[in-house]
Each structure stands twice: as C-alpha cells, then as structure tokens.
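# Structure at a glance
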Amino acid sequence: MAGTAAAWSNWAGNQRSTAALTVRPRTVEEVAEAVRHAADTGRTIRAVGSGHSFTGTAVADGHRLDLADLDTKVTVDTARRLVTVPAGMTLHTLNDLLAAHNLALPNLGDIDAQTVAGALSTGTHGTGAKLGCLSTFVTALTLVTGTGEVLRCSADEHRDVFAAARVGLGAVGVLVEVTLRCVDAFVLRAHERPAALAAVLDDLPGLIEQHDHAEFYWFPYTDRVQVKTNDRSPADDRPLPRWRGWLDDEFLSNTVFAGACRLGRVVPALAPGISAISARALTERTYTGRSDQVFCTPRRVRFVEMEYGLPRAALPTALAELQRIVDGLPFKVLFPVEVRFTAADDIWLSHGYGRDSAYVAIHQYVGMPYEPYFRAFEKVATELGGRPHWGKLHWRNAESLTTAYPKFADFLVVRDRLDPDRRFTNPYLDQVLGA
C-alpha cells in the first residue's frame, strides 16, 4: 500500500483538491488500516473513483483512497446470475467481464467510466419505466466503517445499513466489494428519431410504457427533440456500420459538436442557430448491439451538469418553465437537455425512493456561465418536489433535503453509528447531510 501527496481534479475540471496523503490499498484490510491511520492522525479520508461527479463528493483534503488497485476476489455465479466484484472496478471493465460470462446488467446510464462504488454511491441511473437506479441491482455489499470495522450487509444482514449504503455518498463507509444481480446477456434494438417536443409530451405515457428504455433530448431555442428508445431484440441483426457509428457518435456528436461549442462560447449570439442545426444533424437511425454498447456512448466534450429527479406528472410543467428560463438568460445555452425515466425503489437516499420519476438533466459547456441557469431551474425543480442527483451540481442543503427524503433522518442515524467521528466527511457532505 503506497502513500503520496497528490493534486486531483474531476473530469469536468470544476472540482479540485490536494490531499495530504493518497493511499492505494490492495486488500480490504489495507483499506481498514488506512481508515484507522487517518483517525490516528486526526484527518478525514475519502474514497475517490473516476471523477465523473460534478459535485464535491470526492473532494479529499485529508487522506484520499484510490481503490483502483483493490483486488478482492471476483466471483461469477452464472446459475444464480450474481457477480461479486471489487468496488473500484469501472463499469466498462464490469460490462466486459459480464459479457464474457454471457451476462449483463439490466440497465445502465450513458457513461461507463465510473467505478462501481462511485456509480452506486451517487445514485447513477439509466432510463426505463420499470427499472430503478443501478443500486437496485445490489444484493450485498461490504464496507469499511469510520472505526475501521469491516461490515457485510444485505437485505438479510444489517438491513438498515444495506438500505443506507446502496446510495450512501461514501458517508457511512468505504465500499470495498459489491454483489450485483445480473440478467442473461441481451441485445438491444435502438431507434433514434427527431420529433416535436409537444408531440412527445402529448404521447409521454405511451413512449415510456411501450418501450423497455426511452429518453429524449430537447435542443434549447427550438421545439425539436431527439427521441431514443431501446428495446430487447432476439437477434443482433442490424449492427451499426462502423462508418455510421464513427460519423454519428464520434465525428458529429463529439468532434463537430465540440467545435460548435467553442464557436458558441466565442460568439454567443450563434447559439440558437447552432442548437437548431444540431437538432437536425442527428437523423433517424435504427440499429442493434450488445446491451452495454448501446446504452453507453462516448462523451468527449467537457461540460458541467445539474440533474433533478421529479414526480413524473411534473415533467411538462418543469420543461415549460425550463424553456422560459433559457429564453430569459443573459447568456446562451450550448447543450441539449436530457430527459429520462426510472421506477420507484426503496433505497433511502435514492432519488427514486417511493415514486416513479422523470429526470431532467441540464448542461453547459465548460468555460460558459452556468450558475444563474442552474439555480433558476433548481428553484423550479424544488417547488415541484424534485430531488437533486448527488453527483450533479446543486445548492440544496440538509435542511431542505430532509423534507425531500422520507428516510433522511434514518440515514443520519446509521451515519452516526458507523462514522461517529465524521471520518468520511468533506465540505459537500457537510452541506447535504449536515455537520
């Protein structure tokens, strides 16, 4: 287990810190030893994943835990469709591991660079009216508490910890090992098409109920959206030609879009025209592919993001207010707005706790102003009963969040028990959970 001081920044570059010590444990006992060492020196300690959160959740000014080298045993039970992996494994590596055993996760978000622990701890989700966030696939987990104890929990063992730690923000312990419920490997048939926003909202129940996975992107300053549906297919009979994948996903969605964003940053008046062109550049296409390769797409254009989970019925109001906000800003918005859907779950700090949700994610290109935009939408989302994504920018605090989550107080009780000395805290956790 090596230890060094090191600077760190997240993917977007909006969060930075320099830890007094960075530790790269190889075993669970070394993780526990690192936690106890931080306690002995009177410092906090935070586990850091791939840096794909926009909030300060991974900021570590005391000791930093890098779990990339953590080597717990990988176990694949194909008969029961369970996989147990180290929490520092990336989703990309996990997806390849599962594919090699003819298994897959039931759902994914659109990025696979996150670590398993990071994705679970912040409530990462995909889209699917009958599926919850990724944490709903967890059947057991092992964590190291703030006192250095190694604790294994599941629905049958330490149930309160299990309810808290599946979306735990790293506040109740360091996740070191996770067991996930999988499904047999499957193929998705993706259909992407342009549409009018009003038509999509008019048929919203049909869109989300008739497809396994549905989402859409609204292009600011236009009435246009790009709709994407993914449905299980019995055969991979229409793979995307390599040239088309490169053209749409690399060249248009990354290279050309990056150039357009740079131009829009220099000449903001061009932003509405850029948005209109973008809305029409991505044409209709249908293709099939391995599930994770359809769910996940490359994201090379840097941005900052806010995302709110809302009661589904509130979506039309939220989007109407968002259009009004965008039109009234003193600056321009260069990124489309993403809308996704999840089913209710029972995880205490999951954004989907107890209700079916619609998610609205707003973005802004790096280097462009964003705070007035994000704050204005946050006010609307909060009034509609919204819950902020733990890994996306927001300004909510513990006082406002305690009314948003029915089990918020229960979570704090578990936190008090497992981390009584606040060994895992940082400024972000002080903000959202209280000091």
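Quick caveat: nothing in here was measured; it's all calculated off a predicted structure.

### A few points about the packing of helix H10 (residues 315-328) against helix H11 (residues 371-383)
Following both chains from N to C, one finds H10 and H11 inclined at 150°, their axes separated by 10 Å at the closest point. Relative to H11, the element H10 is oriented roughly antiparallel. You can see that H10 and H11 cross each other, and the crossing is right-handed. Packed against H10, whose contacting residues are Ala-318, Glu-321, Leu-322, Arg-324, Ile-325 and Val-326, the element H11 presents Tyr-373, Ala-376, Phe-377 and Val-380 at the interface.

### Thoughts on the nonpolar core
By size, the foremost hydrophobic cluster in this structure holds 62 residues, and its most contacted members are Leu-94, Leu-349 and Trp-390. Broken down by element, the residue count for this core peaks at five residues, all from helix H4 (residues 159-165). One finds Leu-207, Ala-258, Leu-315 and Met-368 within the second-largest nonpolar core, a separate group that totals 50 residues.

### As for the sheet that holds strand E9 (residues 150-154)
On the basis of which strands lie adjacent, the open sheet formed by five strands has the order E5-E6-E10-E8-E9 and antiparallel pairing. Lying at the two open borders of the sheet, with one neighbouring strand each, are strand E5 (75-77) and E9. Taken over all neighbouring pairs, the strand axes of this sheet differ in orientation by 15° on average, direction set aside. Here five bridges tie strand E8 (residues 138-144) to E9, and the two strands are oriented antiparallel to one another. Residue Val-144 lies in a different strand from E9, and its bridge partner there is Val-150. Strands E5, strand E6 (82-86) and strand E10 (174-181) of the sheet are contacted by helix H2 (residues 91-100), whose axis makes an angle of about 145° with E6.

### Section: the pattern of salt bridges
Under the definition given, this model contains 22 salt bridges. Here Glu-29 ties to Arg-36 by a salt bridge, and the two come within 2.5 Å at their closest N and O atoms. The partly exposed category is assigned to Arg-36, whose relative accessible area is 34%. Between Glu-305 and Lys-392 there is a salt bridge, with the nearest N and O atoms lying 3.0 Å from each other. Linking Glu-305 in strand E16 (residues 303-311) with Lys-392 in the loop between strand E19 (387-388) and helix H12 (398-401), this pair joins segments that are 87 residues apart in sequence. Accessibility assignment for this pair places Glu-305 and Lys-392 in one class, buried.

The rules behind each value
- Residues numbered from 1 in each chain as written.
- Predicted model: local features only at pLDDT ≥ 70, side-chain atom pairs only at ≥ 80, totals over all residues.
- Heavy atoms only, no water.
- Axes fitted to C-alpha atoms, helices over the stretch in contact; angles between N-to-C directions.
- Helix = DSSP H or I, 4+ residues; strand = E, 2+ residues; numbered from the N terminus.
- Parallel < 35°, antiparallel > 145°, perpendicular 65-115°, else oblique.
- Left-handed = near helix turned anticlockwise from the far one by under 90°.
- Contact = heavy atoms within 4.5 Å.
- Core = buried A, V, L, I, M, F, W, Y, C linked by side-chain atoms within 4.5 Å.
- Buried < 20%, exposed > 50% of the residue type's maximum accessible area, 1.4 Å probe, protein only.
- Pairing = 2+ DSSP bridges.
- Salt bridge = Lys/Arg side-chain N within 4 Å of Asp/Glu carboxyl O.

Everything listed here is a matter of coordinates, which is why it stays silent on function.
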